[in-house]
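Inside the fold
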Amino acid sequence: MYSLKELEQGVWFQGWVLSQSVLTVEIFIRRGADYFFWTLDRNRPDVINKVLKTDAHAHPKLTCGFRQLFRLQPGDILGFAVNTRYYEVLQFSIEAEPRPLEGRNGWLFLDNDTNKSIEQYCGALLLSTQQIAAWKSYLAELTMLQKTAFNGKSALLVAPSKELVFPQYYPYAKGEFTVMEQFLALSQKYTNIIFPIEQLQSMPERSFRVTDTHWTYAGAREATVVLAELLLDTATDIRNIFAKDVYAQHKVMGDLGNKLYPPRYADEQVLRNASHKPFLLYDNMLSNFGRVKVIKNDNALNTLHCVIFGSSSVYTMLDFLCRVFGTITFFHTAGNIDKSLISQLAPDIVIAQTNCRFLIRPPSVEYDLRRVITEKLLQLGEPAATELFLSCKKQARGTEHKTVALLQDLLEKAFYHSGFKIE
């Protein structure tokens, strides 16, 4: 099993060939009509000793080995050239696991994923009675938290799957009754839920990436606008905040394009003149679940503290959200909520965000972020975890922000709970 990076750097081929003394042998790779030849140029005393069972010193067949780094492409054929005759012995194919689903016009979609996206879309997989009950409990708890744990507003943002927004490119027909319809039905009485399919479909710009599961910058901007308009009591046109944004076209591979070899790229409009990174106070740098970011922008539309329990869909939104809310604390939890953090942070706004394909896994308000971070540190191992911990500690020393201090304390407890030590 090779990573994409390893394939791009090349695959090492090594071995040996013993032949009769009168034969000239070369190894080749054929690519269409082109041949790439390797000569036998490495001494292999081990082969002489073990195969021929004789002393390798000064043996005429000592130089019988080869070792070559080569960038394979699908369809390449390995063979041997013996004098003037060519023998092809092996053809290579390179396939991703799991391979993305090929849609129309070059669009890629998830396939064989753990959430069974195709089955959900076709209506073959539905929410069970227990999952429906779990969702109802979660939504009720989210509403209750707004009344008891913090004095502010809350919302749940569900990022639609790209096949729901662009069904014309999807190779399967949507089922009449799916998980989406089930969720919309059970959540009808809650007014703070955003499922922006129509908004993302009606945009003048494309809202999802061709070779990625996530929305484009334009799609992230639209989700931000819809969210802010629901949560804020302001006459300000949220869209005006982003009116002077500048975009540039780039070739983007994406999390689906990188599952093909060679990787597939698509032209995407990338935001150029705005980013949340200049306002980043703290980032614990964990990958995926357990990631924590604190962002503070004194020039934002307001001074509100917005806490987000979200998924990877939030990352591009941060470049827009940081210009709306003065402080943002982001937890990568896919909508799972750690109630203790809400009580400690006392935010003005709480946003839970998940993705449509995750609906079959109802989130919880009993999430323990420290436990998740502890597990992530253990996966890293002590040397890498120690380096990460010390880097975060350095970040925290550079600011007196109370939220940063609280989250660094959380990381410190997880670090020592993992059994690691700083010498």
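First, a word on what this report is: a plain description of the structure on this page. Keep in mind that this is a model prediction, so the values were computed, not measured. Here the residue numbering is sequential within each chain, running from 1 through the sequence in written order. Only residues with pLDDT of at least 70 get local features here, since the model is predicted, and only at 80 or more are side-chain atom pairs given and counted; chain-wide, interface and lining totals rely on the full set of residues. Side-chain metrics in this entry use all non-hydrogen atoms of the structure; hydrogen atoms and water are not considered.

Overview of the packing of helix α13 (residues 369–380) against helix α15 (residues 402–417)
The description of two packed helices rests on the angle between their axes and on the distance between the axes. Whenever a helix is involved, its axis is fitted only over the stretch in contact; in every case the axis is a line through C-alpha atoms, and angles between N-to-C directions fall within 0 to 180 degrees. Helical segments are the DSSP runs of H or I of at least four residues, strand segments are the runs of E of at least two, and each set is numbered from the N terminus. With their axes 8 Å apart at the nearest point, α13 and α15 run at an angle of 50° to one another. As the angle between them shows, α13 and α15 are arranged oblique. Between α13 and α15 lies a crossing whose hand is right-handed. For the pair formed by α13 and α15, the contact residues are Leu-369, Arg-370, Ile-373, Thr-374 and Leu-377 on the first element and Leu-410, Leu-411, Lys-413, Ala-414, Phe-415 and His-417 on the second. Note on terminology: angles under 35 degrees are roughly parallel, angles over 145 are roughly antiparallel, angles of 65 to 115 are roughly perpendicular, and the others are oblique. A crossing counts as left-handed when the near helix is turned anticlockwise from the far one by less than a right angle, and as right-handed when that turn is clockwise. By definition, residues are in contact when any of their heavy atoms lie within 4.5 Å.

Some remarks on the sheet that holds strand β3 (residues 34–39)
By this definition, two strands are paired if DSSP reports at least two bridges between them. Across the sheet, four strands lie side by side as β3-β2-β6-β7; this open sheet has antiparallel pairing. Of all the strands in the sheet, the pair left with one neighbour each is β3 and β7 (85–91). Each strand of the sheet is rotated relative to its neighbour by a mean of 30°, with strand direction disregarded. Bridge count for strand β6 (residues 77–82) against β7 is six bridges, and the pairing is antiparallel. Bridged to Phe-80 within β7 is Tyr-87.

Focus on the nonpolar core
Nonpolar side chains tend toward joint burial in soluble globular proteins. By nonpolar core is meant a set of buried Ala, Val, Leu, Ile, Met, Phe, Trp, Tyr and Cys residues that side-chain atoms within 4.5 Å join together. Each residue is placed in one exposure class: buried if its accessible area under a 1.4 Å probe, protein chains only, is under 20% of its type's maximum, exposed if it is over 50%, and partly exposed if it falls in between. Core analysis: the biggest nonpolar cluster contains 103 residues, and Leu-156 and Leu-377 have the highest contact counts within it. In terms of residues, this core owes the most to one element, helix α8 (residues 217–231), which gives nine residues. Beyond its immediate sequence surroundings of up to four residues, Leu-377 is in contact with Leu-286, Ala-385, Leu-388, Leu-411, Ala-414, Phe-415, Ser-418 and Phe-420. Formed by 17 residues, the second largest nonpolar core is a distinct cluster that contains Leu-4, Val-25, Trp-38 and Phe-70.

Points about a nonpolar patch on the surface
Together, Trp-16, Val-51 and Leu-52 line one region of the surface with nonpolar side chains, adding up to about 260 Å² of accessible area. Positionally, Trp-16 belongs in strand β1 (residues 11–16). Since its relative accessible area comes to 39%, Trp-16 is described here as partly exposed. Distance thresholds for patches are 9 Å for like charges and 5 Å for nonpolar side chains (Val, Leu, Ile, Met, Phe, Trp, Tyr), applied to residues having over 30% relative accessible area and no salt bridge. With residues, only the protein chains shown are counted as cover, and all accessible areas are computed by Shrake-Rupley using a 1.4 Å probe. By definition, a salt bridge exists where a carboxyl oxygen of Asp or Glu is found within 4 Å of a side-chain nitrogen of Lys or Arg.

Comments concerning the sheet that holds strand β4 (residues 42–43)
The strand order β1-β5-β4 describes an open sheet built from three strands, whose pairing is antiparallel. Of all the strands in the sheet, just β1 and β4 have a single pairing partner and so form its edges.

Some details on the pairing of strand β18 (residues 349–355)
Judged by how many residues are buried, β18 sits mostly within the fold: seven of seven residues are covered. The pairing of strand β16 (residues 305–310) with β18 spans four bridges and is classified as parallel. Residue pairing for β18: Ile-308 is matched across the bridge by Ile-351.

Here we look at the environment of Gln-201
Within the secondary structure layout, Gln-201 lies in helix α7 (residues 197–201). Between the C-alpha atoms of Gln-201 and Leu-164, which are 37 residues apart in sequence, the distance is 9.1 Å. Here Gln-201 is in contact with Leu-164, Val-165 and Pro-167, once residues within four sequence places are set aside.

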